[in-house]
Amino acid sequence: MKETIIRRIDEESITNRIREMAQDINRDYEGKKLHMACVLKGAVYFACELSKHLTMPVSIDFMSLSSYGDGMTSQGVITLNQDLTQNIAGKDVLLVEDIIDSGRTLFYVENMLMKREPASFEVCTLLDKKARREADVDIRYVGFEIEDYFAVGYGLDYAQKYRNLPYIGELQFKED
């Protein structure tokens with residue numbers, strides 16, 4: 001099987017949309033300090049680019065979860081590989097994700113983090129795949145709503161490949 005990538009969202013569109021999202025976040029958090037909780041590994045590209053356009057003081061922390069392994073479908077079991085290292089109690093927390101599809105991981109993370117009593121908690125994602133939604137989750141900031149395809153690039157991977165693509169592509173498999 002040969003892997004083929006079809007470009008879906010170009011780099012310029014991503015950059016422009018991130019700037020627009022940053023304007024919304026700047027407006028909503030004006031006069032506050034923002035604590036970004038970035039979900040590794042996929043969201044790191046997005047979180048770094050987004051943070052460059054934020055005007056308030058920003059701190060950042062990272063957590064790592066997995067549900068996909070090296071496959072194309074979630075295994076249904078969410079594993080916390082790395083927790084946040086900073087206390088979020090009393091902080092305005094923005095969870096930054098690369099993609100929300102079933103919503104199960106987000107539901108798990110939100111429940112876990114809300115027990116830590118942040119002052120506020122919102123979610124920001126580059127991609128939202130509503131067609132696959134299984135859990136009721138609230139996403140405040142969405143970059144792009146996408147159809148039900150396997151997205152790679154701009155941090156998203158397949159078996160740890162393609163994260164470094166500067167665009168969002170659809171991964172397809174074709175016979176050799």
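Before going into details, it helps to say that this report is about the structure given with it. (Residues numbered from 1 in each chain as written. Predicted model: local features only at pLDDT ≥ 70, side-chain atom pairs only at ≥ 80, totals over all residues. Heavy atoms only, no water.)

## Examining the side chain of serine 64
- The topology assignment puts serine 64 in strand S3 (residues 58-66).
- With residues near it in sequence (within four places) discarded, serine 64 still touches Leu40, Thr79, Leu80, Asn81 and Gln82. (Helix = DSSP H or I, 4+ residues; strand = E, 2+ residues; numbered from the N terminus. Contact = heavy atoms within 4.5 Å.)

## Overview of the sheet that holds strand S9 (residues 168-174)
- The strand order across the open sheet formed by 3 strands is S1-S9-S8, and the pairing between neighbours is antiparallel. At either end of the open sheet lies a strand with only one pairing partner, and these are strand S1 (2-9) and strand S8 (151-152).
- One ladder, built from 2 bridges, connects S8 with S9; its direction is antiparallel. Its bridge partner being in S9, alanine 151 is matched across the sheet by glutamate 170. (Pairing = 2+ DSSP bridges.)

## Description of the packing of helix H1 (residues 11-28) against helix H2 (residues 44-51)
- Two numbers describe how H1 lies on H2: the axes approach to 9 Å, and their chain directions differ by 60°. As the angle between them shows, H1 and H2 are arranged oblique. Of the two possible hands of crossing, H1 and H2 adopt the one that is right-handed. Facing H1, whose interface residues are Ile18, Met21, Ala22 and Ile25, H2 presents Phe46, Glu49 and Leu50.
- Taken together, the residues of the contact of H1 with H2 sort by class into 6 nonpolar, no polar and 1 charged. (Axes fitted to C-alpha atoms, helices over the stretch in contact; angles between N-to-C directions. Parallel < 35°, antiparallel > 145°, perpendicular 65-115°, else oblique. Left-handed = near helix turned anticlockwise from the far one by under 90°. Nonpolar A, V, L, I, M, F, W, Y, C, P; charged D, E, K, R; others polar.)

## Quick notes on the pattern of salt bridges
- Under the defined criterion, the tally for this structure stands at 15 salt bridges.
- Among the salt bridges present, the one from lysine 129 reaches aspartate 148, with a minimum N-O distance of 4.0 Å. Of this pair, lysine 129 sits in the loop between strand S6 (120-128) and strand S7 (141-145) while aspartate 148 sits in the loop between S7 and S8; the two residues are 19 residues apart in sequence, bridging distant segments of the chain.
- Taking relative accessible area as the criterion, lysine 129 reaches 5% and is therefore assigned buried.
- In this structure aspartate 148 comes out as exposed when scored by relative accessible area, which is 51%.
- Salt bridges sharing partners connect three or more residues here, namely Asp24, Arg27, Asp28, Glu122 and Arg140. (Salt bridge = Lys/Arg side-chain N within 4 Å of Asp/Glu carboxyl O. Buried < 20%, exposed > 50% of the residue type's maximum accessible area, 1.4 Å probe, protein only.)

## Examining the nonpolar core
- Ranked by size, the top nonpolar core spans 30 residues in total, and within it Ile25, Phe46, Leu50, Leu126, Leu127 and Ile168 carry the most contacts.
- No other element matches the 5 residues that H1 contributes to this core.
- Setting aside residues no more than four positions away along its own chain, leucine 50 makes contact with Ile18, Met21, Ala22, Ile25, Met36 and Cys124.
- Val93, Leu106, Val109 and Met112 belong to the second-largest nonpolar core, a separate cluster that totals 18 residues. (Core = buried A, V, L, I, M, F, W, Y, C linked by side-chain atoms within 4.5 Å.)

## Examining the environment of lysine 41
- Note on placement: lysine 41 falls in the loop between strand S2 (34-40) and H2.
- For lysine 41, a relative accessible area of 47% corresponds to the partly exposed category.
- The spacing of lysine 41 and phenylalanine 62 is 21 residues in sequence and 9.0 Å in space, taken between C-alpha atoms.

## Focus: the packing of aromatic side chains
- On inspection of all chains with the given rule, the structure shows 2 aromatic pairs.
- Arranged with centres 6.0 Å apart and planes meeting at 90°, the rings of phenylalanine 150 and tyrosine 158 form a pair that is edge-to-face. Here the two residues phenylalanine 150 and tyrosine 158 agree in accessibility, since each one is buried.
- Summarising the aromatic geometry, the rings of tyrosine 158 and phenylalanine 173 are spaced 5.5 Å apart at their centres and angled 75° between planes, so their arrangement reads as edge-to-face. You can see tyrosine 158 sitting in the loop between S8 and S9 and its partner phenylalanine 173 sitting in strand S9, a full 15 residues away along the chain.
- Residue phenylalanine 173 is classed as partly exposed on the basis of its relative accessible area, which comes to 30%.
- In textbook terms, an aromatic cluster arises when at least three aromatic residues are bridged by ring pairs, as seen for Phe150, Tyr158 and Phe173.
- A cation sits over an aromatic face here: arginine 7 above tyrosine 167, 3.9 Å from the ring centre.
- Positioned over the ring face of tyrosine 149 is arginine 8, at 4.1 Å from the centre of the ring. (Phe/Tyr/Trp six-rings, centres within 6.5 Å; stacked < 30°, edge-to-face > 60°. Lys NZ or Arg CZ within 6 Å of the ring centre and 35° of its normal.)

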